[in-house]
Structures are given as structure tokens and as C-alpha cells.
Amino acid sequence: MRRLALRTGLRWKVSLAIAAVSTLVAVVLSLVVHNAARVSMLDNSRTVMDERVKVAQRWYEQSRVLGFGAKLDDPHLPEQLKKEAWRGQRATYLEDSGTGTPEVWASVPLRNGKVLSVHTKFQDRFAVLNDLDRVLIIGSVAVVLGGIALGVLIGDQLSRRLRKAATAARKLAEGDSEVRVRESIGGRVRDETDDLARAVDGMAEALQQRLEAERRVTADIAHELRTPVTGLLTAAELLPPGRPTELVRDRAQAMRTLVEDVLEVARLDGFAERAELQEIAVAEFITRRVRAVDPQAAVNVVRDAHVSTDPRRLERILGNLLANAARHGKPPFEVTVEGRILRVRDHGPGFPEELLADGPSRFRTGSKDRAGTGHGLGLTIAAGQARVLGARLTFRNADPLMDSGDEADGECRGAVAVLWLPESAPTNTGSFPIIEVPD
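Small disclaimer: the values here were computed from a predicted structure and weren't measured.

(A) Layout of the overall build of the chain. Scanning the chain from N- to C-terminus turns up ten helices and 13 strands. Split into buried and exposed, the 439 residues of the chain put 34% on the buried side. If you take every contact in the chain between residues at least 6 apart in sequence, the share linking residues at least 24 apart comes to 64%. For the chain, the computed accessible surface area is about 27,200 Å², with 55% contributed by carbon and sulfur atoms.

(B) Broad picture of helix α10 (residues 378–389). Here α10 contains twelve residues, and its C-alpha end-to-end distance of 17 Å stays within 8% of the 16 Å for a straight helix at 1.5 Å per residue. Within α10, ten of the twelve residues are buried, leaving the element largely enclosed by the surrounding structure. Two residues or fewer after α10 comes Gly 390, characterised by a positive phi angle close to 75°.

(C) Layout of the packing of aromatic side chains. Counting across every chain of the model gives one aromatic pair. Note on Phe 351 and Phe 395: the rings are 5.3 Å apart at their centroids and 80° apart in plane angle, and the pair reads as edge-to-face. Note that Phe 351 is positioned in the loop between β9 (341–345) and α9 (353–358) and Phe 395 in strand β10 (residues 392–397), a separation of 44 residues in sequence. A residue is classified by how much of its surface remains accessible, and Phe 351, at 10% relative accessible area, is buried.

(D) Focus on the sheet that holds strand β2 (residues 91–95). Strand order across the open sheet formed by four strands is β1-β4-β3-β2, with antiparallel pairing between neighbours. Whereas interior strands pair on both sides, the edge strands pair on one side only; in this sheet they are β1 (71–72) and β2. Set on the sheet, helix α2 (residues 79–86) makes contact with β2, β3 (103–109) and β4 (115–120); between it and β2 the angle comes to about 175°.

(E) Fine view of the side chain of Glu 103. Among the secondary structure elements, Glu 103 is positioned in strand β3. A distance of 3.2 Å separates the side chain of Glu 103 from the side chain of His 119, its partner in a polar contact. Apart from residues no more than four positions distant in its own chain, Glu 103 is found in contact with Tyr 93, Leu 94, Glu 95, His 119, Thr 120 and Lys 121.

(F) Broad picture of a nonpolar patch on the surface. A contiguous nonpolar patch, built from Ile 137, Val 141, Leu 145 and Ile 148 and spanning about 360 Å² of accessible area, is present on the exposed surface. As for its position among the elements, Val 141 is in helix α3 (residues 123–173).

(G) Fine view of the pairing of β4. Bridge count for β1 against β4 is two bridges, and the pairing is antiparallel. Across the sheet, residue Lys 71 finds its bridge partner in β4, namely Ser 117. Pairing of β3 with β4, which is carried by six bridges, proceeds in the antiparallel orientation. Bridging from a neighbouring strand, Val 108 pairs with Leu 116 of β4.

(H) Region of interest: unusual backbone geometry. Residue Pro 332 is reached from Pro 331 by a cis peptide bond, and omega for that bond is 5°. By the secondary structure assignment, Pro 332 is in the loop between α8 (311–328) and β8 (334–338). The phi dihedral of Asp 73 falls on the positive side, at around 50°, and the residue is not glycine. Relative to the helices and strands, Asp 73 is located in the loop between β1 and α2. Taking relative accessible area as the criterion, Asp 73 reaches 41% and is therefore assigned partly exposed.

(I) Molecular detail of the packing of helix α7 (residues 282–293) against α8. Running from N to C, α7 and α8 point in directions that differ by 50°, and their axes come no closer than 10 Å. With respect to each other, α7 and α8 are oriented oblique. Note on packing geometry: the crossing formed by α7 with α8 is right-handed. On α8, the residues touching Phe 285, Ile 286, Arg 289, Val 290 and Val 293 of α7 are Pro 311, Leu 314, Glu 315, Leu 318 and Leu 322. The class makeup of the residues in the contact of α7 with α8 is eight nonpolar, no polar and two charged.

(J) Molecular detail of the sheet that holds β10. Strand order in the open sheet made by the five strands is β6-β8-β9-β13-β10, with mixed pairing throughout. The outermost strands of the open sheet, each flanked by one partner alone, are β6 (298–303) and β10. Across the sheet, the mean angle from the axis of one strand to that of its neighbour is 15°, orientation sign disregarded. Taken together, the five bridges between β8 and β9 define a ladder with antiparallel strand orientation. Along β9, the bridge assignment pairs Thr 336 with Arg 343.

(K) Local environment of the packing of α8 against α10. Across the interface, α8 lies against α10 with an axial gap of 9 Å and an inter-helix angle of 155°. Overall, the two elements α8 and α10 adopt an arrangement that is roughly antiparallel. Considering only the axes of α8 and α10, their crossing is left-handed. Seen from α8, the contacting residues are Arg 313, Leu 314, Arg 316, Ile 317, Asn 320, Leu 321 and Asn 324; seen from α10, they are Gly 378, Leu 379, Ile 381, Ala 382, Gln 385, Ala 386, Val 388 and Leu 389. Looking at side-chain class alone, the contact of α8 with α10 contains nine nonpolar, four polar and two charged residues.

(L) Spatial organisation of the nonpolar core. If you look at the biggest cluster of nonpolar residues, it comprises 33 residues, and the most contacted ones within it are Ile 286, Leu 314, Leu 321 and Leu 419. Of all the secondary structure elements, the ones that give two or more residues to this core are α7, α8, β8, β9, α10, β10 and β13 (415–420). Each residue touching Ile 286, except ones within four places of it in the same chain, is listed here: Leu 314, Leu 318, Val 335, Val 337 and Leu 342. Of all hydrophobic cores here, the second largest spans 14 residues; its members include Val 53, Ala 70, Leu 110 and Val 118.

What counts, and where the lines are drawn
- Residues numbered from 1 in each chain as written.
- Predicted model: local features only at pLDDT ≥ 70, side-chain atom pairs only at ≥ 80, totals over all residues.
- Heavy atoms only, no water.
- Helix = DSSP H or I, 4+ residues; strand = E, 2+ residues; numbered from the N terminus.
- Buried < 20%, exposed > 50% of the residue type's maximum accessible area, 1.4 Å probe, protein only.
- Contact = heavy atoms within 4.5 Å.
- Areas by Shrake-Rupley, 256 points an atom, 1.4 Å probe, with all protein chains shown as cover.
- Expected span 1.5 Å × (residues − 1).
- Phe/Tyr/Trp six-rings, centres within 6.5 Å; stacked < 30°, edge-to-face > 60°.
- Pairing = 2+ DSSP bridges.
- Axes fitted to C-alpha atoms, helices over the stretch in contact; angles between N-to-C directions.
- Polar contact = N/O pair within 3.5 Å; in protein donor to acceptor, adjacent residues only side chain to side chain.
- Patch = residues over 30% accessible without salt bridge, like charges linked within 9 Å, V, L, I, M, F, W, Y side chains within 5 Å.
- Salt bridge = Lys/Arg side-chain N within 4 Å of Asp/Glu carboxyl O.
- Parallel < 35°, antiparallel > 145°, perpendicular 65-115°, else oblique.
- Left-handed = near helix turned anticlockwise from the far one by under 90°.
- Nonpolar A, V, L, I, M, F, W, Y, C, P; charged D, E, K, R; others polar.
- Core = buried A, V, L, I, M, F, W, Y, C linked by side-chain atoms within 4.5 Å.

If you want it as C-alpha cells, here you go:
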């Protein structure tokens, strides 16, 4: 059974926590103050009644006058006071039902054997206790509301800083190496979020340095291999004709292509490439290039457009997409031009799930058993060249083949690569311009 997870913001969690603590403190303090005030009033009432009964006793003994509403041998006198009077003790007694105003009694035994007693409810005094309760309730509500407001304020500030940190971290993950989390959150507050930002920035810088070192090593190795591979290819041309010679030439050419691709990937990873822009008609350019690369591929022009782009890099992207379709897909191959949008489609098994989820990766081919040709650099180079052009390259699989309304064993109708050329020229910093994507 899956557990239902309720996702709430940090701001509201902090607010609820402060509100709960404020409520608890307000209730406890209110109860303490209420009970302390009630006990004090009851003790004071007992003291007052004790003084009254003593004065009433003197008056009665001196002039036989009953003052303060005193009574002799009151039939309603509580049993506890009767017992104390039988012992010859002056005493007070409190009748408190917990709902109404308590009634306070006081009694004293007289010399003639009678019991003098007085009692009252002190309604005016306990009315003050009711007013105190109302003040405590209002104060408690004010404390809770103030705690909630303070929690929202504190939680909102902390939540805002964390959201900025998360946004900056996502930009770092997307490849923007210039972003720093600590600069993004800003502010003068130095708390745990600042420590987190420093740690993330340190990790990003260390990772960037490591990736740069790996890129340099890769580029250096490929550059050093270029000369011996060229010599090997030249030497292969001097071998006598025959099947062994063809195999050597084929492998030497494959190694040379691999070295050139690795060098190109290293240059693209260094973000040092810049586009040389020219104004071209997309439909006419794509038609000529497709005819040169793969005469069997079909070109469908839905709408033409003129764009400012680098023809060499656009041709490289198109060639790699067609080569990938020929290597891992099945004919027929289709290239569709719809304004600034180019689609390259085959009718093979489609792109693997790893590529659709993570994008193209070097040395990862579309063949699951890796028995096919290629080194997985074609789509990586195409994506890198698209970045230089300020374009966006996406990959998806076509809809499953439908037969009489049912899926044919989940078979795919092919892989589709879509290149979105920008309406404006790419920026000098190599950043991505805004590309409008139609629905």
C-alpha cells in the first residue's frame, strides 16, 4: 500500500510549528494565571469572612446585635463547620461546585453554646475573574496570530532563499557553469542556507575543474593520436591490393574518424566554438544537403523560412542525424522542413529509453548489444553543434503502430529527431536564446 505523501512548503511548516508552540504556551500560561488568580481570590475571601465573623462575634457579645448578616445556629450550616464549632474552633468553609460563584462560610462557637455564622458569594470579586479570563483568551489569540505571522515571515525568508538556491543548482545541473548558489541567494543573513550554498558552489567548482581536466586529457590524447593514425592511414595506402589491405584501410579510416570526432567533442565541451552566420533558405539548403548525403531519403517541405545560421554546422547536424538513422534505424528516411523546424525520422525500433531520458552520451550507441558500428559520438556532436547555433535538438519516438485500433505488440514507428532553429542569431556567449515552440 503506497503511503500518501503530503507536500507542504517550508514556510507553512515553520508557521504551523510556531503556531503550535504559541498555542501551547498561551494555553498553559492562561491556565496557570487563571488558577493562581482563583486560588488567591478564594484565600482572600476566606480571610475576609474570618475577619467578619470575628467582628460579628464581638458585636453580638457586646450588644447582642447580629452584623454582616450573621445567624445563630443556621440550619444550612455545613457539617464541617458544625464539627469545628463542636471542637471550639473558629473556621471557614468554601462551597465550590465549579460552575457558579463559590459560597464562603465562616463560623465561631459562642460562650452560650450557640454557633454564629456568616456566608456570602462575593459575586463582584469573581466577576473580575471572568474579565481576567476574557483578557487571557484575547491575549492567547493575539499570541497565536502573532506567532503565525512571525512564522510566515521567517519561513518565507528561509523558503525564498532555498528556492533561489534550488534554481541556481538546477542551472548548474543544466550546464551553466557561471552560476553560483551563494550569489543567487544574496542577502546579509549568514545561516545554514549560506553554508549549504558554499558547499554546493565548492562542489560545482571542483566538478567543473575535474571535467575540464578530463576534457583537456581527452583532447590531448586525441591530438597526439592524430599524427600516428594519419601515418598509419598513409602506410595502408602503400600496401598491395587485397582483402587484408582493405581491412587495414577500413580500420585505419575508422580510427581516424574516431579521433576527429573525439577532438570535435572536446572543442564543443570547451564552449569555445562560435558560429559563422550566413543567411540561408532552409528548404533549398536542406534539400541539396540531403540529396548529397543520402539520395534515398525523402524531403518534405511544409513551409520554407530564411534563417541566420552557420551552414557548415547545420550540415554537420543533418549529416549526423541521417547517419544515425541509417546505422540504427530502418528505411524509409524522411526529412521534413516546416519553417525553422527540421524533423529527421526513420522507421526503425526507435531511440533507447536511456537516450530519451538523459539525452545523447558519448560512447553509448543505439544498439543494445553494442555489436553495431559507431561509437555513440554522432548524436553528442549534433547536440553540441546545435548548442553553438543557439538551436535546440530533441529526441522522441513516433507513436506505436496502430492496426485496427490495437497496438501491434508495442512496435515503434521509428525515431524522430527535431531541430528547432532560433529565430534570432545565437549570442556571443554561447547562451541559449528563447525559442518559441508551437503547440
